[in-house]
Amino acid sequence: MTGPRILLTNDDGIRARGLQSLEKIARAISDDIWIVAPHEEQSGASRALTLHEPLRVRKHEDRRYSITGTPTDCVLMGVQDLIPGKRPDLVLSGVNRGANIAEDVTFSGTVAGAMQGMQLGIKSIAFSQAYAWMADSPIHWETAETFGAPILKKLLQQSWGDHVLLNVNFPDRTPEHVKEVEVTRQGRRNQEVVHADKRTDPRGVDYYWIGFRGLPQEPEEGDDLHAVMEGRISITPLHVDLTHMETHHRLKGVLGGAPPKE
């Protein structure tokens, strides 16, 4: 079997369990698989580039590398340096340990890896597996592995914009309890979910640990958060343009032209 040249990355690190799932998904359609992932976990790194220190590359085996940097670093170096000859046809990022939905996508390293591939002109998809965020909660990697390859094959039969990446989230369900696939829009969550937990170390000095807590959510029908909570696989087209056009048009009518003076 041949197939497209695929670059795999993530933000959970080269040893992450989700990267095994992603490789299984990718190998269902191709043998030409390259892995360039962070050496250590980079969750929450968003689109950060490492600019103030050198990057070190470690080769683990043929076509498998880790980098002391972010997911964006990994995709950039994979495409521009580590993969010889033909550029990748596809960038896949994930499978993330935890959902990347609603506003999470703006600080997600998983989404950032796919976004960097998109920015380089390569079709890119981010995959994430939702779970309950509790220490003893099972993570249903089998759900991503069951549906990931069929969804990927279906998506690659379609076309989407040059400046668009696809964000796929699998619900916190076993495969037999997944209801359906839904194409969604980016949702909004209760912002109190992310919080800084104040603690005290053994010397009596305060420190903070940023984390997530389970709070009631009121998602809207049709958004990614609602779909995943209802047991559906969410597919959301995302792009980089953050311009709010309604406000753009309104302000342009008021402030266009010469600058105002007192």
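It should be noted that the structure appears before, not after, this text.
Residues numbered from 1 in each chain as written. Predicted model: local features only at pLDDT ≥ 70, side-chain atom pairs only at ≥ 80, totals over all residues. Heavy atoms only, no water.

Asks: What exactly am I supposed to notice about the side chain of Thr143 here?
Replies: Inspection of the secondary structure puts Thr143 in helix H4 (residues 141-156). Under the relative-accessibility criterion, Thr143 is labelled buried at 0%. Ignoring sequence-local partners within four residues, the contact set of Thr143 consists of Gln129, Gly148, Phe170, Pro171, Arg173, Thr174, Pro175 and Val178. (Helix = DSSP H or I, 4+ residues; strand = E, 2+ residues; numbered from the N terminus. Buried < 20%, exposed > 50% of the residue type's maximum accessible area, 1.4 Å probe, protein only. Contact = heavy atoms within 4.5 Å.)

Asks: Please explain the sheet that holds strand E8 (residues 181-183) as it appears in this structure.
Replies: To summarise the sheet geometry, strands pair through backbone hydrogen bonds and adopt either a parallel or an antiparallel arrangement. The nine strands are arranged E3-E4-E2-E1-E5-E6-E7-E11-E8 in an open sheet whose pairing can be described as mixed. Each end of this open sheet is capped by a strand with a single partner; those strands are strand E3 (57-61) and E8. Neighbour-to-neighbour, the strand axes of the sheet open up by a mean angle of 20°, direction not taken into account. Here six bridges tie strand E5 (residues 90-97) to strand E6 (residues 123-129), and the two strands are oriented parallel to one another. When the bridges of E6 are listed, Ser93 appears paired with Ala126. In the packing of helix H3 (residues 109-119) onto the sheet, the strands contacted are strand E1 (6-9), E5, E6, strand E7 (164-170) and strand E11 (233-239), and the crossing angle to E6 comes to about 170°. (Pairing = 2+ DSSP bridges. Axes fitted to C-alpha atoms, helices over the stretch in contact; angles between N-to-C directions.)

Asks: Whenever I open this one, the layout of surface pockets confuses me. Can you help?
Replies: Remark: the empty space left among the atoms is shown by a probe the size of a water molecule rolled over them. Within this model, the second largest pocket holds a volume of roughly 290 Å³. Along the wall of the second largest pocket there are 16 residues; nearest its centre are Val105, Thr106, Met115, His239 and Leu242. Looking at the lining of the second largest pocket residue by residue, the classes come out as eight nonpolar, six polar and two charged. (1 Å grid on protein atoms, 1.4 Å probe; cavity = no way out; pocket = protein on both sides within 12 Å on 5 of 7 lines; lining within 4 Å. Points joined across faces, edges and corners; volume = space filled by probe spheres on them. Nonpolar A, V, L, I, M, F, W, Y, C, P; charged D, E, K, R; others polar.)

Asks: Please clarify how a nonpolar patch on the surface should be interpreted in this entry.
Replies: A contiguous nonpolar patch, built from Phe107, Val194 and Ile210 and spanning about 260 Å² of accessible area, is present on the exposed surface. Relative to the helices and strands, Ile210 resides in strand E10 (residues 206-212). A relative accessible area of 65% places Ile210 in the exposed class. (Patch = residues over 30% accessible without salt bridge, like charges linked within 9 Å, V, L, I, M, F, W, Y side chains within 5 Å. Areas by Shrake-Rupley, 256 points an atom, 1.4 Å probe, with all protein chains shown as cover. Salt bridge = Lys/Arg side-chain N within 4 Å of Asp/Glu carboxyl O.)

Asks: Please explain the packing of helix H1 (residues 17-27) against H4 as it appears in this structure.
Replies: When two helices pack together, their arrangement is given by the angle between the helix axes and the distance between those axes. Remark: H1 packs on H4, axes separated minimally by 8 Å, with the N-to-C direction vectors making an angle of 30°. Considering the angle they form, H1 stands roughly parallel to H4. As H1 runs across H4, the sense of the crossing is right-handed. Facing Arg17, Gly18, Ser21, Lys24 and Ile25 of H1, the residues of H4 in contact are Trp141, Ala144, Glu145, Gly148, Ala149 and Leu152. Of the residues in the contact of H1 with H4, the class split is five nonpolar, three polar and three charged. (Parallel < 35°, antiparallel > 145°, perpendicular 65-115°, else oblique. Left-handed = near helix turned anticlockwise from the far one by under 90°.)

Asks: Looking at this structure, I do not really get the packing of aromatic side chains. What am I missing?
Replies: Working definition: an aromatic ring pair is given by the centre-to-centre distance plus the angle between the planes. Enumeration over the complete set of coordinates arrives at one aromatic pair. Ring geometry for Phe127 versus Phe170: centroids 6.0 Å apart, planes at 10°, classification stacked. Placement of Phe127 in strand E6 and of Phe170 in strand E7 is noted, with a sequence separation of 43 residues between them. Above the ring of Trp160, the side-chain terminus of Lys123 is found at 4.4 Å from the ring centroid. (Phe/Tyr/Trp six-rings, centres within 6.5 Å; stacked < 30°, edge-to-face > 60°. Lys NZ or Arg CZ within 6 Å of the ring centre and 35° of its normal.)

Asks: Before we go on, may I ask you to explain the pattern of salt bridges in this structure?
Replies: Here the idea is simple: oppositely charged side chains can pair when their charged atoms come close. Counted by the stated rule, this structure contains 14 salt bridges. For Glu145, the salt bridge goes to Arg17, with nearest N and O atoms at 3.1 Å. Residue Glu145 is located in helix H4, and its partner Arg17 is located in helix H1; the two are separated by 128 residues in the primary sequence. Residue Arg17 is classed as partly exposed on the basis of its relative accessible area, which comes to 33%. When the shortest N-O distance is used, the salt bridge between Glu220 and Arg185 registers 3.2 Å. One end of the pair, Glu220, is in the loop between E10 and helix H5 (224-229); the other, Arg185, is in the loop between E8 and strand E9 (194-200), with 35 residues separating them in the sequence. Each member of the salt-bridge network shares a partner with another, and the members are Arg5, Asp32 and Arg63.

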